[in-house]
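# A structural walkthrough
Residue strings, one per chain:
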Amino acid sequence: MKYTTEVVVNVPRDEFIEKMMAPENMKHWQKGLLEFEQLSPNPGQEGAQMSLSYKMGKRQLSMVETIIKKQLPEEMHMTYDTKGVHNIQKNYFRDEGDKTRWISETEFQFSGFGMKLMGLLMPGAFKKQSLAYMEDFKAFAEKGESVLNN
């Protein structure tokens, strides 16, 4: 399953990248994030891995993020792996005057019958979740709004 989402954030690209790259900011725009842990001695660099834990509804979900390409301020690509799901996320950042256009190309690869079925039956839910994270980042970057206050 593949899709593209995008949002324009009303901050210059340098400020956008600075806010996005600070792991301590993730809790302000990634709803449900419980904790993160750097697994590599080179956090934020290509090949670096981080463990992420989320609470989504009544379930807890853990995944490993791996940075596969980092060419900031233009692009940054990551993979996210959890049981039954491999997610490839390619992020592109474009200047638009004093604003930043964030384009995210997402691909989900499912293994196991249950996850494949969920991907077939609920593709809109995945895209909706991706867009929600982007909109929450926009609110945080532009106005300092945190999902922790919701």
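Scoring rules and cut-offs
- Residues numbered from 1 in each chain as written.
- Predicted model: local features only at pLDDT ≥ 70, side-chain atom pairs only at ≥ 80, totals over all residues.
- Heavy atoms only, no water.
- Pairing = 2+ DSSP bridges.
- Helix = DSSP H or I, 4+ residues; strand = E, 2+ residues; numbered from the N terminus.
- Axes fitted to C-alpha atoms, helices over the stretch in contact; angles between N-to-C directions.
- Contact = heavy atoms within 4.5 Å.
- Buried < 20%, exposed > 50% of the residue type's maximum accessible area, 1.4 Å probe, protein only.
- Arc of directions from axis to C-beta.
- Phe/Tyr/Trp six-rings, centres within 6.5 Å; stacked < 30°, edge-to-face > 60°.
- Salt bridge = Lys/Arg side-chain N within 4 Å of Asp/Glu carboxyl O.

## Points about the sheet that holds strand E1 (residues 2-9)
Read from one edge of the open sheet, seven strands run E1-E7-E6-E5-E4-E3-E2, paired in antiparallel fashion. Since the sheet does not close on itself, it has two edges, and those belong to E1 and strand E2 (33-38), each with one partner. Taken pair by pair, the neighbouring strands of this sheet meet at an average axis angle of 20°, ignoring direction. As defined by bridge partners, strand E3 (residues 49-56) adjoins strand E4 (residues 59-71) across eight bridges and the pair is classed as antiparallel. When the sheet's bridge partners are listed, Leu52 is paired in E4 with Met63. On the sheet, helix H1 (residues 13-21) packs against E1, E4, strand E5 (75-82), strand E6 (85-96) and strand E7 (99-110) and is oriented at approximately 155° with respect to E6.

## Digging into H1
Listed in full, the buried residues belonging to H1 are Arg13, Phe16, Ile17 and Met20. Within H1, the buried residues cover an arc of 95° as seen down the axis, which keeps them to one side. Counted as exposed and oriented over 90 degrees from the buried face of H1: Asp14 and Glu18.

## Some details on the packing of aromatic side chains
A complete count under the given rule lists 10 aromatic pairs for this structure. Judged by centre distance (5.8 Å) and plane angle (75°), the ring pair of Phe16 and Trp102 falls under edge-to-face. Of this pair, Phe16 sits in helix H1 while Trp102 is found in strand E7, placing the two residues 86 residues apart along the sequence. Looking at Phe16, the relative accessible area reads 0%, which means it is buried.

## Brief notes about the pattern of salt bridges
Applying the stated criterion to the full structure yields seven salt bridges. The partner of Glu6 in a salt bridge is Arg101, with the nearest N and O atoms 2.3 Å apart. Of this pair, Glu6 sits in strand E1 while Arg101 sits in strand E7; the two residues are 95 residues apart in sequence, bridging distant segments of the chain. Arg101 sits in the partly exposed class, given a relative accessible area of 23%. Lys69 is the partner of Glu75 in a salt bridge, and the nearest nitrogen-oxygen pair spans 3.3 Å. The class of Glu75 is buried, set by a relative accessible area of 13%. By relative accessible area, which is 29% here, Lys69 ends up partly exposed.

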